[in-house]
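What follows is the residue order along each chain.
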Amino acid sequence: MGRRVAGMAVGAVLLGATAQAERLVPPPPLGPYAQEYDQLYFDSSGNGFVASRDSLFFTPSGGGSWIRIIDATRDDYGSVRAIQFVDGHTAFVYTDTGLYITGGSAQQLEALTTEVPEARAPSGHDVVRSGFFFLDRNNGFALGSGQFLRTTDGGRTWSSQAIPVRLGDEPLQLQMFDAQRGVIFAQRGPMVTSDGGKSWRAPAPRPEVDDGRCLPNGACIGWNELNVAKAHFTADYGETWRETDTGLDAGKDSIYGYEILSAGSAFLVGTREALSMAERSTTTGGETVVRASPRNGLIARWDGARWTAREYPEVEVFFAIHHATPTDVWASADTNGILHSTDGGQTWKLVRDYYRAQQ
């Protein structure tokens, strides 16, 4: 992923204030792997986790200090395939070597099982990375290859039940509202259950979404990365869906992260290219060359009635966003970039990550 970084901004910076703004995230430290933190979770006390496919770090102080839980430069856990955050100290972590839970102080991992169910769909898609969901410390669910998996002992043992899988309509993403009700986002749209996964049915009409985020109260946002111009919402546990127009441009906008706070509040984060793919592409002698294009971070917000998108010139790309409270917001951006806002995302400052804290 290309980078255009001018240097480190000091203190709070008003994002989106100027097209010539200095980049907020400096180049990553030399030596350790460069990380794109695509998952993060913080509570209102400043306890939090940030994770990439190769790492998991915990802070008890809002980024003032960091504790290494998984670090690909040192550990043998393999890739982080899925994470479910339960609270500011507890996370279930599924890696190439097994399923783990963070300890009471969140400073180490406790192994739960190395008997990981088959997690590859016929297409090769790693369904467990997205189809992995814990309601609490004991009750969890996951998607296997044509299987709906369930645990009641915190992941130590699993039972399985077959899911009807049709060619071209594989289950990709799992979200559970409670022990009985849940949604699977498959290639052709959602499927819902109200009997703990014994049966699944497609809502009618079935929206063309293959990814989503849900809340325990039955609200979800549904999304398809191939159609960034549309987002879908449900407020009745996936039974009916409302289509909304995001106003995003598939030629310029890419979305990498999602968050839903309520049926009337949601966020999409990613990047916006200055030029579309068509404007950047030149074909000569049968060979197509795609030029690099300046890009800015992008956050689109749903307020229950319409979407509003805003560019942030101080970063190139947002990967994830999390609201600890309506005003206490965390985001990950660029390479090794962790941002914190105390005014609902109006101004941000850079938080040093684990690697920078070692320097």
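Since this is a predicted model, take the numbers as computed values, not measurements. (Residues numbered from 1 in each chain as written. Predicted model: local features only at pLDDT ≥ 70, side-chain atom pairs only at ≥ 80, totals over all residues. Heavy atoms only, no water.)

Student: What is the right way to read the sheet that holds strand 5 (residues 67-71) from this model?
Tutor: Strands pair in a sheet through their backbones, by hydrogen bonds, and they do so in one of two ways: parallel or antiparallel. Taken in spatial order, the four strands line up as 2-3-4-5 in an open sheet, and their pairing is antiparallel. Strands with a single pairing partner mark the edges of an open sheet, and in this sheet they are strand 2 (39-42) and strand 5. Mean inter-strand twist for the sheet, computed between neighbouring axes without regard to direction, equals 10°. Bridge count between strand 2 and strand 3 (residues 48-52): four bridges; the pairing is antiparallel. Opposite F42, over in strand 3, you have G48 as the bridge partner. (Pairing = 2+ DSSP bridges. Helix = DSSP H or I, 4+ residues; strand = E, 2+ residues; numbered from the N terminus. Axes fitted to C-alpha atoms, helices over the stretch in contact; angles between N-to-C directions.)

Student: Looking at this structure, I do not really get the sheet that holds strand 8 (residues 98-102). What am I missing?
Tutor: Ordered by their spatial adjacency, four strands build an open sheet running 6-7-8-9, and the pairing between neighbours is antiparallel. One side of each edge strand has no neighbouring strand; the edge strands of this open sheet are strand 6 (80-85) and strand 9 (109-113). Across the sheet, the mean angle from the axis of one strand to that of its neighbour is 25°, orientation sign disregarded. Sheet analysis places strand 7 (residues 91-95) next to strand 8, joined by four bridges and oriented antiparallel. If you follow T95 over to strand 8, its bridge partner there is G98.

Student: Got a minute to help me understand the layout of surface pockets in this structure?
Tutor: Empty space among the atoms becomes visible once a probe the size of a water molecule is rolled across them. Roughly 260 Å³ of internal volume is contained in the second largest pocket. Of all the secondary structure elements, the ones that give two or more residues to the lining of the second largest pocket are strand 25 (295-302), strand 26 (307-312) and strand 27 (318-323). Residues belonging to the lining of the second largest pocket are distributed by class as follows: five nonpolar, five polar and four charged. (1 Å grid on protein atoms, 1.4 Å probe; cavity = no way out; pocket = protein on both sides within 12 Å on 5 of 7 lines; lining within 4 Å. Points joined across faces, edges and corners; volume = space filled by probe spheres on them. Nonpolar A, V, L, I, M, F, W, Y, C, P; charged D, E, K, R; others polar.)

Student: What am I meant to see in the environment of E279 here?
Tutor: Note on placement: E279 falls in helix 2 (residues 277-280). Sequence-distant contacts of E279, that is, excluding residues within four places in its chain, are made with K252, A274 and R291. (Contact = heavy atoms within 4.5 Å.)

Student: Just to check I follow, could you spell out the state of the cysteines for this structure?
Tutor: Each disulfide consists of one covalent bond between the sulfur atoms belonging to two cysteines. Inspection of every chain in the model, using the stated rule, returns one disulfide. The disulfide partner of C214 is C220, and the S-S distance across this bridge is 2.1 Å. When the S-S torsion is 105°, as for the bridge of C214 with C220, the disulfide is right-handed. C220 shares its class with C214; the two are buried. (Disulfide = S-S within 2.5 Å. Buried < 20%, exposed > 50% of the residue type's maximum accessible area, 1.4 Å probe, protein only.)

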